[in-house]
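Chains, contacts and geometry: an overview
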Amino acid sequence: MKATFQDLGNGITVVDAEYTQPGIAALYLIEEDGDVAIVETGTNDSIPYILEVLESKQLSFDDVKYIIPTHVHLDHAGGAGELMLKCPNAKLVIHPYGAAHMIDPSRLIAGASAVYGEEAFKKLYGTIQPVDEDRVIEAPDLFTLDMNGRVLEFLDTPGHANHHFSIYDKKSDGIFTGDTFGLSYPQLTTAEGRFIFCTTTPVQFNPDALLASIDKILAKNPEKIYLTHFGEIKPTEKVIEQLKASVNAFVEISEAAKDMTENRIEHIDQKIREYLLKVLADMGCEQDVDFQNKVIKFDSLLNSQGLDFWLTKLARKAA
């Protein structure tokens, strides 16, 4: 399969990571005077697409200077170790709370295997390679990288995960937000524009922190947001309102189910799907409901697992 990619201007190229299906997860190449930074890596299966795009620009793995997952969840960082082996001049830039998991991914592998199951994990991610500690740069809040005069500023943005940062690119006036600014799949077209919702996947969802991180991103007044899931989006008032409303709706759905002792994840999943499908209907989505379900069901289930885990943590604190 050939790579699917698009030049977004300002030396930024979005590449489909081909994670589970087309149009679900993206990674980005930033080029400045022949040097390349790669934001997100997808999985090991995404690496041939990265090489194809580099070669289309008369570049190679040798030109990659930085590999930058926004956080260590494996749809964002699963290919980082393998990609580092192929990019001899690259440094891995990672949140301080995520660095240890890149250097020794054993706990990351165990956690993801528990979420997805052993067989599905192997199919999705293959072998997760460790990263040499000497090649790791930790990027705390307000850390900056200078790429031949192009400044990338790192913002600590927890809420989806404690090990999550977002990256402000001053040249494009855009922010690479990983999962903090939610999910917006272009294939779910609507009469009112882009459909967006938050992601609450296991195991560190914190609604207050997530809403604060969204505001932190918006405080930069960016012209555009570069989503991992998926592509460039304008942070319009409608988009912002819709994103924040989804955080509050998911919390409300979860809290209503907090006393359930059986099938709580399944119940939350069903209610989330009902909520999302109603939003899509209200926005005049042009796709049929079966297609809408196909696109959202994977994230809906993962969100439900994260919300269930969050409820369990709250119950333990209250005990």
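Residues numbered from 1 in each chain as written. Predicted model: local features only at pLDDT ≥ 70, side-chain atom pairs only at ≥ 80, totals over all residues. Heavy atoms only, no water.

**Details of the packing of helix H5 (residues 106-116) against helix H6 (residues 118-125)**
Think of two packed helices as two axes; the pair is described by the angle between the axes and how far apart they sit. At their nearest, the axes of H5 and H6 sit 7 Å apart, and the two run at 115° to each other. The interaxial crossing formed by H5 with H6 has right-handed handedness. For the pair formed by H5 and H6, the contact residues are Ile109, Ala112, Ser113 and Tyr116 on the first element and Glu118, Ala120, Phe121, Leu124 and Tyr125 on the second. Looking at side-chain class alone, the contact of H5 with H6 contains 7 nonpolar, 1 polar and 1 charged residues. (Axes fitted to C-alpha atoms, helices over the stretch in contact; angles between N-to-C directions. Helix = DSSP H or I, 4+ residues; strand = E, 2+ residues; numbered from the N terminus. Left-handed = near helix turned anticlockwise from the far one by under 90°. Contact = heavy atoms within 4.5 Å. Nonpolar A, V, L, I, M, F, W, Y, C, P; charged D, E, K, R; others polar.)

**A few points about the pairing of strand S2 (residues 12-16)**
Sheet faces and side chains relate simply in a regular strand, where the side chains alternate between the two faces. S2 sits mainly inside the fold: 5 of its 5 residues count as buried. By the alternation rule, side chains of S2 split into Ile12, Val14 and Asp16 and Thr13 and Val15, which are all buried. Where strand S1 (residues 5-9) folds back onto S2 in an antiparallel hairpin, the turn is made up of 2 residues, including asparagine 10, whose phi is positive at roughly 60°. The pairing of S2 with strand S3 (residues 26-32) spans 5 bridges and is classified as antiparallel. Residue valine 14 lies in a different strand from S3, and its bridge partner there is tyrosine 28. (Buried < 20%, exposed > 50% of the residue type's maximum accessible area, 1.4 Å probe, protein only. Pairing = 2+ DSSP bridges.)

**A word on the sheet that holds strand S4 (residues 35-39)**
Strands in a sheet are paired, the pairing made by backbone hydrogen bonds, and the direction either parallel or antiparallel. Taken together, 7 strands build an open sheet; the order of strands is S1-S2-S3-S4-S5-S6-S7 and the sheet is mixed. Each of the sheet's edge strands pairs with one partner strand only, and the pair in question is S1 and strand S7 (136-138). Adjacent strand axes in the sheet meet at a mean angle of 25° when their direction is disregarded. Packing against the sheet, helix H1 (residues 47-56) makes contact with S1, S2, S3, S4 and strand S5 (64-68), and its axis sits at approximately 145° to S2.

**With respect to the sheet that holds strand S8 (residues 144-147)**
Strand order in this open sheet of 6 strands is S8-S9-S10-S11-S12-S13, and the pairing throughout is mixed. Because the sheet does not close on itself, it has two edges, and the strands there are S8 and strand S13 (231-233). Ignoring which end each strand starts from, the neighbouring axes of this sheet average 25° apart.

**What to know about a negative patch on the surface**
A cluster of acidic residues, Asp132, Glu133, Asp134 and Glu138, forms a negative patch on the protein surface. Within the secondary structure, glutamate 138 is located in strand S7. With relative accessibility at 43%, the residue glutamate 138 sits in the partly exposed group. (Patch = residues over 30% accessible without salt bridge, like charges linked within 9 Å, V, L, I, M, F, W, Y side chains within 5 Å. Areas by Shrake-Rupley, 256 points an atom, 1.4 Å probe, with all protein chains shown as cover. Salt bridge = Lys/Arg side-chain N within 4 Å of Asp/Glu carboxyl O. Lys, Arg positive; Asp, Glu negative; His and termini not counted. Charge placed at Lys NZ, Arg CZ, Asp CG, Glu CD.)

**Some remarks on the pattern of salt bridges**
Tallied over the entire structure, the rule returns 16 salt bridges. Linking glutamate 223 and lysine 224 is a salt bridge whose minimum nitrogen-to-oxygen distance equals 3.9 Å. Overall, lysine 224 belongs to the buried group, its relative accessible area being 8%. With its nearest N and O atoms 3.7 Å apart, the salt bridge here joins lysine 271 to glutamate 274. Residue lysine 271 and its partner glutamate 274 are located together in helix H9 (residues 264-282), separated by 3 residues, close to a single helical turn. Under the relative-accessibility criterion, lysine 271 is labelled partly exposed at 32%. Since its relative accessible area comes to 39%, glutamate 274 is described here as partly exposed. Where salt bridges share partners, they join Glu32, Arg150, Asp169 and Lys171 into one cluster.

**Structural notes on the packing of aromatic side chains**
Applying the stated criterion across every chain yields a total of 11 aromatic pairs. With a centroid separation of 5.9 Å and an interplanar angle of 80°, the aromatic rings of phenylalanine 250 and tyrosine 275 are classed as edge-to-face. Here the residue phenylalanine 250 occupies a position in helix H8 (residues 237-256), and tyrosine 275 occupies one in helix H9, the gap between them amounting to 25 residues. On the accessibility criterion, phenylalanine 250 (0% relative accessible area) is buried. Taking relative accessible area as the criterion, tyrosine 275 reaches 23% and is therefore assigned partly exposed. Here the aromatic cluster, defined as three or more aromatic residues joined through ring pairs, consists of Tyr19, Phe121, Tyr125 and Phe298. (Phe/Tyr/Trp six-rings, centres within 6.5 Å; stacked < 30°, edge-to-face > 60°.)

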